[in-house]
Amino acid sequence: MMLGTTAFVFLSQAMSLEQDATVDDSPAFSIELGASYWRAFPRGDMVITRGSEPGSGTAIHLGEDLDLKPAHLWQVATTATYGNHRVTLRYQDLDLIGRETLDHPFIFHGVTYPAGDSIRADIGMPSFSLGYDYRIVDEGTWDLRVGVVGILYNFSARIRDDASGLDEDRAYRRAAPALTTSLQAGVAEWHGRLEGRIGYLDSDRRAFGGFQCIGGLQLWGRVDLDLGYRWERFDASAETNKIALTAHGPIIELGVRF
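Notes on the structure follow. (Residues numbered from 1 in each chain as written. Predicted model: local features only at pLDDT ≥ 70, side-chain atom pairs only at ≥ 80, totals over all residues. Heavy atoms only, no water.)

This part takes up a nonpolar patch on the surface. A cluster of nonpolar side chains, Val87, Leu89, Leu130, Tyr132, Tyr134, Ile136, Val146, Val148, Leu179 and Ile198, forms an exposed patch at the surface whose accessible area comes to about 890 Å². Contributions of two or more residues to the nonpolar patch are made by β4 (85–92), β9 (127–138) and β10 (142–161). Per-element accounting of the nonpolar patch gives the leading share, four residues, to β9. Inspection of the secondary structure puts valine 148 in strand β10. (Patch = residues over 30% accessible without salt bridge, like charges linked within 9 Å, V, L, I, M, F, W, Y side chains within 5 Å. Areas by Shrake-Rupley, 256 points an atom, 1.4 Å probe, with all protein chains shown as cover. Salt bridge = Lys/Arg side-chain N within 4 Å of Asp/Glu carboxyl O. Helix = DSSP H or I, 4+ residues; strand = E, 2+ residues; numbered from the N terminus.)

Turning to the packing of aromatic side chains, a few remarks are in order. A complete count under the given rule lists nine aromatic pairs for this structure. Measuring from ring centre to ring centre gives 6.3 Å for tryptophan 38 and phenylalanine 234, while their planes differ by 45 degrees; the resulting arrangement is tilted. In this pair, tryptophan 38 sits in strand β1 (residues 29–47) while phenylalanine 234 sits in strand β14 (residues 223–235), placing the two residues 196 residues apart along the sequence. Residue tryptophan 38 shares its accessibility class with phenylalanine 234, and that shared class is buried. An aromatic cluster of three or more residues is present, and its members are Trp38, Tyr153 and Phe234. Of note, arginine 39 hangs over the ring of phenylalanine 41, and the distance from its end group to the ring centre comes to 5.8 Å. (Phe/Tyr/Trp six-rings, centres within 6.5 Å; stacked < 30°, edge-to-face > 60°. Buried < 20%, exposed > 50% of the residue type's maximum accessible area, 1.4 Å probe, protein only. Lys NZ or Arg CZ within 6 Å of the ring centre and 35° of its normal.)

Let us look at unusual backbone geometry. Its identity as a non-glycine residue notwithstanding, aspartate 67 has a phi of 50 degrees, on the positive side. Residue aspartate 67 is classed as partly exposed on the basis of its relative accessible area of 24%. Phi at alanine 188 takes a positive value of approximately 55 degrees, unusual for a residue other than glycine. Note on placement: alanine 188 falls in the loop between β11 (166–187) and β12 (190–201). Overall, the relative accessible area of 73% leaves alanine 188 in the exposed class.

Below, the structure is given as structure tokens:
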């Protein structure tokens, strides 16, 4: 009787250890919903032609010519993680407004805006992106990921001159791929993250991308509150249209894991 009881206890413990090992070896799956606020200070330049006709657009400096103001930009994202694999779907708002009295003329979309007139400019470049990355290093307190992302820009530009009645606009979409990397480290409830991405467009023959350095605190085991700095160069150039917009500034992020 004693031998049978001992054998039963031993078998039960072995089955329990086997079940625990099976659970531990299973890749973890999680969903994270995130939102961020970015106080972005813009600069850059653009050339907008009419019908891809050479000479129907001249270089316009977004800071000096249009006086684009710092913007309040929002971003939302959904991230699914399974083991070392991670997929992120993201939407980013980017709408800029500027008012300026021109000290020299320029050509926008085939129309000449004269010097001395006051104009209002509305520049938009909201985007959707879908990215995948893989964790290539996992050292417990820090990990490293590399991946790819596809970005769809929805570019629009409108310049109005109330004095002369000029009102021209241009809008189109532009898709672009980029490479990504992410280095993350954490101690207890504190963590930090450095992210970067880089891509290249043949139409512009210049690289685009940026980096983000951010750190913060984990609350209640599921909520991340982060503060950092972001610099980004956006590019929606296509054919004879050239758009190179750079923005930088502080960023606040909030994420909830399930």
